[in-house]
Amino acid sequence: MKQMKHKSAGALTWFAVILIIAGSMIMSPSGAFFLFIVSALLLVFPALICKGRIRIAAAILLLAAIGLAVSKYPDLKNDQERYRRHGTKGSVEKI
């Protein structure tokens, strides 16, 4: 398998860290879940392809991003259910 450049892997890892921090600060469950999933996707390649410290850091951050996404999923499900009920509650007018 071809190796990834060290600078590219570092950039992906740092961008994923920024997304994890932003996801932790967002109050919306759907927004936080989205950022955790995107950060996990960004960390897959450095965790699998790179060598050395970047690989270890990316693997640890990948597990953290997945764990945060899994922990946020019940809140996301409740939020989406509440949104669905609110949308169907008054959307149909009686003629």
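Residues numbered from 1 in each chain as written. Predicted model: local features only at pLDDT ≥ 70, side-chain atom pairs only at ≥ 80, totals over all residues. Heavy atoms only, no water.

Peer 1: Go over the pattern of salt bridges with me, naming the residues and quoting the values.
Peer 2: Tallied over the full model, the rule gives three salt bridges. In this structure, Arg-82 and Asp-79 form a salt bridge, with 2.9 Å as the shortest nitrogen-oxygen distance. One end of the pair is Arg-82 and the other is Asp-79, both in helix 3 (residues 53-89) and three residues apart, which spans about a single turn. Of the charged contacts, one joins Glu-81 and Arg-84 as a salt bridge, the two residues approaching to 2.6 Å between their closest N and O atoms. Linking Glu-81 with Arg-84, this pair stays in helix 3, spanning three residues, or about one helical turn. A relative accessible area of 33% means that Glu-81 is categorised as partly exposed. Of the residues examined, Arg-84 reaches a relative accessible area of 46% and is grouped as partly exposed. (Salt bridge = Lys/Arg side-chain N within 4 Å of Asp/Glu carboxyl O. Helix = DSSP H or I, 4+ residues; strand = E, 2+ residues; numbered from the N terminus. Buried < 20%, exposed > 50% of the residue type's maximum accessible area, 1.4 Å probe, protein only.)

Peer 1: If you had to explain helix 1 (residues 6-25) to someone new, which residues and values would you point to?
Peer 2: If you check helix 1, its first and last C-alpha atoms are 29 Å apart, about what 20 residues at 1.5 Å a residue would give, namely 28 Å. Every buried residue belonging to helix 1 is among Ala-9, Gly-10, Thr-13, Ala-16, Val-17, Leu-19, Ile-20 and Gly-23, and all of these are buried. (Expected span 1.5 Å × (residues − 1).)

Peer 1: Explain the packing of aromatic side chains residue by residue, including any values.
Peer 2: Scanning the entire structure with this criterion turns up one aromatic pair. With centroids separated by 5.9 Å and ring planes inclined at 50°, the aromatic side chains of Phe-33 and Tyr-73 adopt a geometry described as tilted. Of this pair, Phe-33 sits in helix 2 (residues 29-49) while Tyr-73 sits in helix 3, placing them 40 residues apart in sequence. The class of Tyr-73 is partly exposed, set by a relative accessible area of 42%. (Phe/Tyr/Trp six-rings, centres within 6.5 Å; stacked < 30°, edge-to-face > 60°.)

Peer 1: Outline the nonpolar core, supporting the account with residue identities and numerical values.
Peer 2: Nonpolar side chains tend toward joint burial in soluble globular proteins. Counting residues in each nonpolar core, the largest one holds 14 residues, and the members touching the most others are Ile-20, Phe-36, Leu-43 and Leu-62. Within the residue set of this core, elements represented by two or more residues are helix 1, helix 2 and helix 3. The greatest single-element share of this core, amounting to seven residues, is contributed by helix 2. Setting aside anything within four residues of it in sequence, one finds Leu-43 in contact with Thr-13, Ala-16, Ile-20, Ala-58, Leu-61 and Leu-62. (Core = buried A, V, L, I, M, F, W, Y, C linked by side-chain atoms within 4.5 Å. Contact = heavy atoms within 4.5 Å.)

Peer 1: Lay out the packing of helix 1 against helix 2 in plain terms, naming residues and giving numbers.
Peer 2: Following both chains from N to C, one finds helix 1 and helix 2 inclined at 165°, their axes separated by 8 Å at the closest point. Judged by the angle between their axes, helix 1 and helix 2 are roughly antiparallel. Of the two possible hands of crossing, helix 1 and helix 2 adopt the one that is left-handed. Here Ala-9, Leu-12, Thr-13, Phe-15, Ala-16, Leu-19, Ile-20, Ala-22, Gly-23 and Ser-24 of helix 1 lie close against helix 2, whose contacting residues are Ala-32, Leu-35, Phe-36, Val-38, Ser-39, Leu-42, Leu-43 and Pro-46. Across the contact of helix 1 with helix 2, the residue classes tally to 14 nonpolar, four polar and no charged. (Axes fitted to C-alpha atoms, helices over the stretch in contact; angles between N-to-C directions. Parallel < 35°, antiparallel > 145°, perpendicular 65-115°, else oblique. Left-handed = near helix turned anticlockwise from the far one by under 90°. Nonpolar A, V, L, I, M, F, W, Y, C, P; charged D, E, K, R; others polar.)

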